[in-house]
Amino acid sequence: MSGVPELLVLRLLCNREMYGYEIVKAVRLVTGEAIGLGEGVIYPVLHWLEESGAVKAKRKAVNGRERVYYLVTTKGKKRLRHLSDEWQRVSGGVNSALGDPGGVTGNA
Amino acid sequence: MPESRFEALKLELLEGGVAPVYIARTLLELAEHYTDLEQDALAAGLSREEAARAAIEALGSERQIAAAVLARPGLREWSVRYPRVAHCVRSATTIGLIPGMPVMFCIEHRPELARWAAAVMAAATFIGAILTWLDWMIFVPA
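Overview of the structure.

**Topic: the overall build of chain A**
Check the secondary structure of chain A and you find 5 helices and 3 strands. Counting from the amino terminus, helix and strand elements in chain A follow one another as α-β-α-α-β-β-α-α. The burial tally for chain A puts 26% of its 108 residues in the buried class. Across chain A, every contact between residues at least 6 apart in sequence was considered, and the portion connecting residues at least 24 apart equals 50%.

Below is the structure:
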């Protein structure tokens with residue numbers, strides 16, 4: 001699961017800027033609630049992405065509330081491409097192994 | 001979210017060497033997130049107590065959040081990430097400050113030092129003038 005939260009967050013932020021709670025709801029929606037993490041752990045992921053220059057944060061006052069919105073940077077888009085390729089490669093390999101176990105076990 | 005829970009998380013992050021800017025941001029965003037969760041739960045028809053419980057549960061345990069923050073070395077203070085560099089910088093600063101402190105003191109207290117120098121100069125001029133007027137006959141002749 002390493003890199004999955006980063007991948008999902010970057011993918012979602014490519015569409016529009018969002019704040020933490022919106023991101024969590026969007027992750028739940030797009031993954032069909034397949035990924036169940038404590039919602040609070042999204043913030044270290046976002047802060048680390050900001051620290052590494054993949055996203056930018058800006059504070060906005062909305063209806064008397066202070067929201068921190070995140071938007072993806074050019075560096076973040078590059079990182080997303082890299083993570084997506086990596087994920088496709090890994091998931092393709094796992095799917096292949098699950099779909100054709102005979103390739104390994106059948107010859108054994 | 002109860003204040004005490006925030007305080008405990010804050011202390012754990014401070015002890016872990018997390019940069020204060022990220023601690024403040026984490027606490028602010030968690031508080032906002034908690035409010036959103038609670039409001040959604042209330043809108044869904046839960047009682048205030050049930051909504052608070054559901055919000056805390058959804059947010060995750062304090063230990064889980066702290067562990068997630070501490071697992072990212074990039075969020076820690078640079079002196080915690082690079083202790084040897086920090087040690088060298090601190091030592092160099094201390095060595096530089098020892099001889100620099102009197103100079104800094106003088107710069108900081110320029111007006112007082114200028115007044116003191118002017119007073120000394122005025123006194124020296126006055127005494128010099130008296131001595132010259134007396135033709136250095138400062139002792140009563142025997």
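So, next bit.
**Considerations on the interface of chain A and chain B**
How big an interface is tends to be reported as the loss of accessible area on association of its parts. Contact residues are listed per partner, giving 16 residues for chain A and 20 residues for chain B. Every element with two or more residues in the side of chain A that touches chain B is listed here: α2 (20–30), α3 (42–51) and β3 (65–72) of chain A. Of all the elements, α3(A) adds the most residues to the side of chain A that touches chain B, at 5 residues. Split into classes, the residues belonging to the side of chain A that touches chain B amount to 6 nonpolar, 5 polar and 5 charged.

**Description of the pairing of strand β2 (residues 55–62) of chain A**
Residues and elements named next belong to chain A. Here 8 bridges tie β2 to β3, and the two strands are oriented antiparallel to one another. Pairing of Lys-58 across the sheet is with Tyr-69, part of β3. Between β2 and β3, which pair antiparallel in sequence order, lie 2 residues; one of them, Asn-63, sits at a positive phi of approximately 50°.

**Concerning the environment of B:Lys10**
Residues and elements named next belong to chain B. Tracing the backbone shows Lys-10 in helix α1 (residues 3–15). Judged by C-beta crowding, with 17 C-beta atoms within 10 Å, Lys-10 ranks as partly exposed. Measuring from C-alpha to C-alpha, the distance between Lys-10 and Gly-74 comes to 17 Å, with 64 residues separating the pair along the chain. Beyond its immediate chain neighbours, meaning those up to four positions away, Lys-10 contacts Ile-23 and Leu-27.

How each quantity is defined
- Residues numbered from 1 in each chain as written.
- Chains lettered and ligands numbered in written order.
- Predicted model: local features only at pLDDT ≥ 70, side-chain atom pairs only at ≥ 80, totals over all residues.
- Helix = DSSP H or I, 4+ residues; strand = E, 2+ residues; numbered from the N terminus.
- Buried ≥ 20, exposed ≤ 12 C-beta atoms within 10 Å, placed from the backbone.
- Contact = placed C-beta atoms within 7 Å.
- Nonpolar A, V, L, I, M, F, W, Y, C, P; charged D, E, K, R; others polar.
- Pairing = 2+ DSSP bridges.

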